[in-house]
Each structure stands twice: as C-alpha cells, then as structure tokens.
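Residues per chain, in single letters:
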Amino acid sequence: MIAPFTHTPLRIADLVLYRLEAGNYRLTAPEGSRSTLRYASLLLAESAGCRLSNDDGSVSTWLPTNTPCLTAHHVSQRIAIAEPIWVLRLPTFRLSGCPLSLPMIAMAQEMQVLLFSIPAILADAAHLPPVGQRHAALAIESLLHPLVHNRPSSDSAEIISVIMRAERKTDADAVSTAKALGMSRSRLYETLRPYGGFHTLLNAARLDRMARRLLMPEYAEHSVKELLHDMPFERADQFHRLFKQRYANTASQWRSDPLPTLPATIDPMPL
Amino acid sequence: MTMTKAPARQKLYTDHLPSREGEALWHELLAPITTPQRLHRTPTVGRVDAWLYGDMLISEARATPQRTIRNRQQLAAGPLPAYNLLIVLDGQMRYEDGQRDCALQPGDLLIEDLTEKRTITTQTHNRTINLMVPKEGVGEGLHGLILERQSAQARLLSRHVDALLESIPTLPAQHCDDILNALQRLIAACAGECGSESHRHVQRALRDDIERYIERHLLDSRLGNATLCRHYRLSRTQLYRLFRQEGGVTEVIRRKRLDWAHDQLCRGDGRGKPDVEALALLCGFASERALATAYQEQYAMTMEDTWHANATSLPADGSQGLTGLFSHLGQLPRTPT
C-alpha cells in the first residue's frame, strides 16, 4: 500500500511547503541529479507525533507531539506519521551557511508557537511579489537559526566554523586550515572525506554564500558579474562551472527561479 | 547592537487612579512618543502591558477616547529612530500626517516612523498592539503605511505578532537577534508591495535625498532654491511641488536651521551658552533679533528659556532608545491591579 502523497507544494523562493497525509515516507537526498545541494526538512506534527528511523529501521526516534523538528536529509531516512503533518523543505545552506549535511535532528520547544506559524506565513507570502517572497524566505531562515544553534556542539562544528572562515580567503588551503584546527593535513582529509573532501566543502561554502546573495533583495540591483567581484573565485568560468554542478542551474537561472527541477526528496514508500 | 536580554515585562495601569493623577501619569508615560489630548470630558488614561525583548518593545495598550499628537516641538527633543507597528484590535481611529488622512478599523495595521509627525484620533475606547523595532534593517519611507485588514500582508504580520506575543514569555535571550531579524524581514516583505505607486516612491525618495543634502549643507550660506535646483536638475516649480506640504523648500531649510540652533541650545555639555549672534550668522539670519523672533514662533519659547531649561533629549541610538523607553515605563509609579 502506498501512502497518499499530497504533491501540491507551496513554493516561496527556494523553500517548499508540503502537507503529508498519514503514512510512511522516505526522506532522501535528490537522486538522478548531479547536484551536490543538500536538503533539510522541518516537520510540524500538530496532534500526534511521528517516528523517524534509518532506512533499514535500525535506529528509531520518536518525535514528540507539537515539537517542531528539523532533520537533515543526510542519509536515507524513513518517516512514519499517524496524522497529517506540514513539512518545510529547504537547502541546508539556509540553516547556518553550512555546506555539510550533518545527521541532524534538532528540536526547540520554546519556539513552538513561532515555528508552527510558518505554514500560515508561507500561505500569505505566496500573495506577495517576488521581492516580498524573498524577504519572507529570509525571515523563515532567521526563525530556523535557533534550531541549528541549539544543537549540541560536536567535532564537526569546529571544522565547519574554520571552513566558514577560510572560504572568504582566496589563498585558503588545507595546510593552514589543518593548522588552525590543530590537526595534521592527512587527518583533516580523512575527516572530511565523507563530505566530499576539503576543496569540495570550501567551494560549496563559497557557492552557497553566492546562491544566498542571489536571492537577497538587497543584492537585486547587482549583476552576477558584480557580485562575483566579492567572491574568492579566481576565474569566472570556474565559478559558473561549479555553480551549475551544485545547483543544476546557471547563476542567473537560479536567481529568477531558485528551484531547479529536482526529483522529489520526500517519496512515499510501501508499508 | 545591544546585548541580548531575556524578555522583561512591565505593566502600568492609570485607569484605576483618581482622574487627575491617572491623566498626569498617562501623559508622562507617552511623553517620549506622543502628547495625548482630551477629546471630551473623559480623562485620557489607559493601560499598558509591555515586553522588552532585545531591541524590540511589544505592548498591548487600552486607552480612553483621546487624540495623540507627535509634532515638531516633540521631535526637536530627539525622537527614537524606530518604527511602530500598530495593530488595531478594538475601536475606530483616524490617522493624519499631512499627506494622509485615513480611518483605521479593527484588524488594520499601521506602520509609523517615530521620527515623523502624525496625529491619531480615537473617538471610542480602543485596544491596540504596538510593536517597536529599530528602523535600521527595515529601510526608510514606511511612515504612514496602512495595511488593510483583508490583505495578505496585514494577515501575515498580525499572525506573526500574535505568535510572538504568545511565545515571548518563554523565549530565551540568545534567540532575540534571530527573532528580530525575522520580524524586520517580514515587515520589509509586506511593505514592499503595499507602498503606493512607484511615482510616489520616487518622489518620496527624491524628497528624502534633498532633505539629506540640506542637512549636510545646512550651514552653507549658499544653500537655497537655486543651489538645489542646480544640484538636482529640477525647475523651481518641481522643487516647490516636492515640498508643498511643508510650505516650500525655503521653509524646510529655515526650520531645519532653527532645529539645529535649538539643538545647540539644548546641548548641556558644560560649554556655556552659545553665542546667539554667531548662531544667527551660521543659520543665515540677518540678525540676532530675526533669529530670536523666528525661534519663538517655532518653539513657542525664547532661546534664553530653552538654554535655561536645558531640555533633556532621548538617546539617539534606537536600541538604547527603546530600552530607555521601557525603563522609563518601569520608573513610573504602579497601580495595584
């Protein structure tokens, strides 16, 4: 039996809001695309909680009722829900500017009322012009920051902060980054191998900053070329090639329509 | 940016006090923002239940019928660079600011700039939610913007403010910057479309730009119609039309120069009384006497009196201003409820 999947998403900038009916679903990273962009979902279950587990069902987490839960599509995960819930899908760089898709489940009880108002905000924002929608998307991004900051600190948190600092420098390299972290270069490479390696992460952080800027109303008057002056890419063609790889779209296309045609990242699955 | 702080609450009710005391306390409470005036024989009193959260000040207010005015004399004391989002819950209001004269119904949302003049008249008892946020981060030119109750923009902001009011007691200190940022973005999102037609936007932007130019060259003796026409490539008529509501550009320059002179007199930093003749010369007045007459017309007091009164002004920084406003509320005597 396949759970009915409500595929009438509401799209605001690069955020997508779905209503999921009761059933079993799989949260996945997009397949069949060369895009390296990663996604996270905010799950808003009102009356009954829901269960989140690994694809093989080995680790199971019960998400309590009325507790907003943010989960990254790091590995293929199953979600079992008893009653309809709202799901907000967004690229992970919206969360902390971080290119890593960490195995993350974050909850914030104190933000419950504000986060549960997100579907209503998006429904009203859909009537605004594109500039207004982009402001609304940035507002939602700010509302989600506390969830990310609430996460307990981990080893990778330090690596992220060092990479986020390094990405602004044109001459950033693995040696100086490893030194800043107090580890050897080979250890750094080994730690970052699951995420695609040091340079992939560094470029992803740079590209995400640019992608975010392209969607900000403050930069609407500037051309892609002008914005590139402020980026540490040595050559424009290198930037355009990497951007297309990550977002499956050119920078100008991303600016006009930030949602590339990607396969659904929430798939119904047989019970 | 101020240090992040946990939400703090202050309540002040003046409607339980004997009418004269209650009215005096109400006037003192509103003094940094507006001056209340009686409409009928009913005293001007009310209740305020306010929360300060970081750089935001959110309050629910109830008041008797009254007119609240923010005018030139009040602005000269140093206004708060903040916007106030006023959501009408109960009561009918009339808003006037020289360019607009509109009625506000329950559900309507008004954005007012606390550095601009306006008059709000309420003929009935009213209940409102007021949310003050620093202007920095929202943008200029939103003063007098009214979001009508059926619009998506008004719904969006009202719902969010409701959710904020509901959750504010439990919100931790470290989230206040993110929440303020979200709120400022939502205001920008809603204000973007609602501003009237683009022509008026351009006119307003041009007027603001000219005002900034005037402020930068205030003490330049050559500043006047001719300089501005040449600098902005406008005809005298076009320039006059831009400032018609305020009596023409010459009047704007004269008023700003008087405000500057007032500022010099109010500055009680132990330097002694400024030389009035020098002030007159700097402000482009023919004589000390001409300045004194113009000053008295504008401020309804002599320059001598201003200097002696050494008017205290509110801090210029928006965040400190809101904190100051909140502590001002806390210093007023309370009424047991």
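Residues numbered from 1 in each chain as written. Chains lettered and ligands numbered in written order. Predicted model: local features only at pLDDT ≥ 70, side-chain atom pairs only at ≥ 80, totals over all residues. Heavy atoms only, no water.

> A description of the overall build of chain B should follow, citing residues and the corresponding values.
When its secondary structure is counted, chain B shows twelve helices and twelve strands. Burial status across chain B gives 50% buried among its 337 residues. Across chain B, contacts joining residues at least 24 apart in sequence account for 75% of those joining residues at least 6 apart. Put simply, chain B shows about 16,300 Å² of open surface, and 48% of that area lies on carbon and sulfur atoms. (Helix = DSSP H or I, 4+ residues; strand = E, 2+ residues; numbered from the N terminus. Buried < 20%, exposed > 50% of the residue type's maximum accessible area, 1.4 Å probe, protein only. Contact = heavy atoms within 4.5 Å. Areas by Shrake-Rupley, 256 points an atom, 1.4 Å probe, with all protein chains shown as cover.)

> Run through the overall build of chain A, naming residues and quoting values.
Secondary structure assignment for chain A yields eleven helices and eleven strands. The proportion of buried residues among the 271 residues of chain A is 53%. A separation threshold of at least 6 residues defines the contact pool for chain A, and within that pool the share at least 24 residues apart is 75%. When the accessible area of chain A is evaluated, it comes to approximately 11,900 Å², of which 51% is carbon and sulfur surface.

> A description of the packing of aromatic side chains should follow, citing residues and the corresponding values.
Enumeration over the complete set of coordinates arrives at seven aromatic pairs over all chains. Judged by centre distance (6.4 Å) and plane angle (50°), the rings of Phe93 of chain A and Trp254 of chain A are tilted. On the criterion of sequence distance, the pair formed by Phe93 of chain A in helix H1 (residues 93-96) and Trp254 of chain A in helix H11 (residues 251-256) is long-range, its members being 161 residues apart. Residue class for Phe93 of chain A comes out buried when judged on its relative accessible area of 2%. For the pair Tyr247 of chain A and Trp254 of chain A, a centre-to-centre distance of 4.8 Å together with 50° between the ring planes defines the contact as tilted. Tyr247 of chain A gets classed as buried once you look at its relative accessible area, which sits at 0%. Take Trp254 of chain A: its relative accessible area is 1%, and that puts it in the buried class. An aromatic cluster of three or more residues is present, and its members are Phe93, Phe233, Phe239, Phe243, Tyr247 and Trp254 of chain A. One residue, Arg47 of chain B, lies across the ring of Tyr13 of chain B, its end atom 4.3 Å from the ring centre. The ring of Tyr83 of chain B has Lys135 of chain B lying over it, and the distance from NZ or CZ to the ring centre is 5.9 Å. (Phe/Tyr/Trp six-rings, centres within 6.5 Å; stacked < 30°, edge-to-face > 60°. Lys NZ or Arg CZ within 6 Å of the ring centre and 35° of its normal.)

> I'd like a rundown of the confidence of the model for chain B, residues and numbers included.
Residues and elements named next belong to chain B. The pLDDT averaged across chain B works out to 82; a share of 89% of its residues lies at or above 70. A low-confidence stretch, residues 193-198 stays under pLDDT 50, and its non-local contacts, those more than four residues away or across chains, total nine contacts. Considering only residues more than four positions removed or in separate chains, one finds that residues 311-318, a stretch of pLDDT under 50, has twelve contacts. (pLDDT = per-residue confidence, 0-100.)

> Describe the interface of chain A and chain B, with residues and values.
Counting residues at the interface gives 26 residues for chain A, matched by 23 residues for chain B. Buried area between chain A and chain B, both sides added, is near 2,100 Å², and the carbon and sulfur share of it is 67%. Area buried by chain A at its contact with chain B is led by Glu110, Leu114 and Asp124 of chain A, which between them contribute 27% of it. Our count for the chain A to chain B interface comes out at seven residue pairs in polar contact (both at pLDDT 80 or more). Secondary structure elements with two or more residues in the side of chain A that touches chain B: helix H2 (112-116), helix H3 (118-125) and helix H4 (130-149) of chain A. (Buried area = accessible area lost by both parts, 1.4 Å probe. Polar contact = N/O pair within 3.5 Å; in protein donor to acceptor, adjacent residues only side chain to side chain.)

> Just give me the short version of the sheet that holds strand E9 (residues 109-113) of chain B, but keep the residues and values in it.
All names here are of chain B. Ordered in space as E1-E3-E4-E11-E6-E9-E12, the seven strands form an open sheet in which the pairing is antiparallel. In this open sheet, the two strands that pair with only one neighbour each are strand E1 (8-13) and strand E12 (145-147). Within this sheet the neighbouring strands show an average axis-to-axis angle of 15°, counted without direction. Taken together, the six bridges between E1 and strand E3 (residues 46-53) define a ladder with antiparallel strand orientation. The partner of Lys11 across the bridge, within E3, is Asp49. Sheet contacts for helix H1 (residues 19-30): E1, E3 and strand E4 (56-63); angle to E3, the most-contacted strand, approximately 30°. (Pairing = 2+ DSSP bridges. Axes fitted to C-alpha atoms, helices over the stretch in contact; angles between N-to-C directions.)

> Account for the layout of surface pockets, naming residues and giving values.
Residues and elements named next belong to chain B. By volume, the largest pocket is sized at about 1,600 Å³. Residue lining of the largest pocket: 42 residues in total, with Leu75, Thr115, Glu211, Glu215 and Lys256 positioned closest to the centre. Elements that contribute at least two residues to the lining of the largest pocket include exactly helix H2 (72-75), helix H5 (198-216) and helix H8 (249-266). Here the lining of the largest pocket gets eight residues from one element, more than from any other, and that element is H8. (1 Å grid on protein atoms, 1.4 Å probe; cavity = no way out; pocket = protein on both sides within 12 Å on 5 of 7 lines; lining within 4 Å. Points joined across faces, edges and corners; volume = space filled by probe spheres on them.)

> Residue-level account of the side chain of Asp97 of chain B, with values.
All names here are of chain B. Here Asp97 lies in the loop between strand E7 (93-96) and strand E8 (101-104). Looking at Asp97, its side chain comes within polar contact range of the side chain of Tyr95, at 3.0 Å. Within the structure, the side chain of Asp97 is placed 3.0 Å from the backbone nitrogen of Gln99, a separation counted as a polar contact. Asp97 has contacts with Lys117, Arg118, His143 and Gly144, leaving out every residue within four places of it along the chain.

> Now, about helix H3 (residues 152-167) of chain B: what can you tell me, with residues and values included?
In a regular helix each residue adds 1.5 Å, so 16 residues correspond to 22 Å; H3 of chain B covers 22 Å between its end C-alpha atoms and thus fits that length. By the burial criterion, the buried members of H3 of chain B are Ala152, Gln153, Ala154, Leu156, Leu157, Ser158, His160, Val161, Ala163, Leu164 and Ser167 of chain B. (Expected span 1.5 Å × (residues − 1).)

> Provide a residue-level description of the nonpolar core, including the pertinent values.
Formed by 64 residues in total, the largest nonpolar core has its most connected members in Leu88, Ile118 and Leu144 of chain A together with Met56 and Ile187 of chain B. The element that contributes the greatest number of residues to this core is helix H4 (residues 176-194) of chain B, accounting for ten residues. (Core = buried A, V, L, I, M, F, W, Y, C linked by side-chain atoms within 4.5 Å.)

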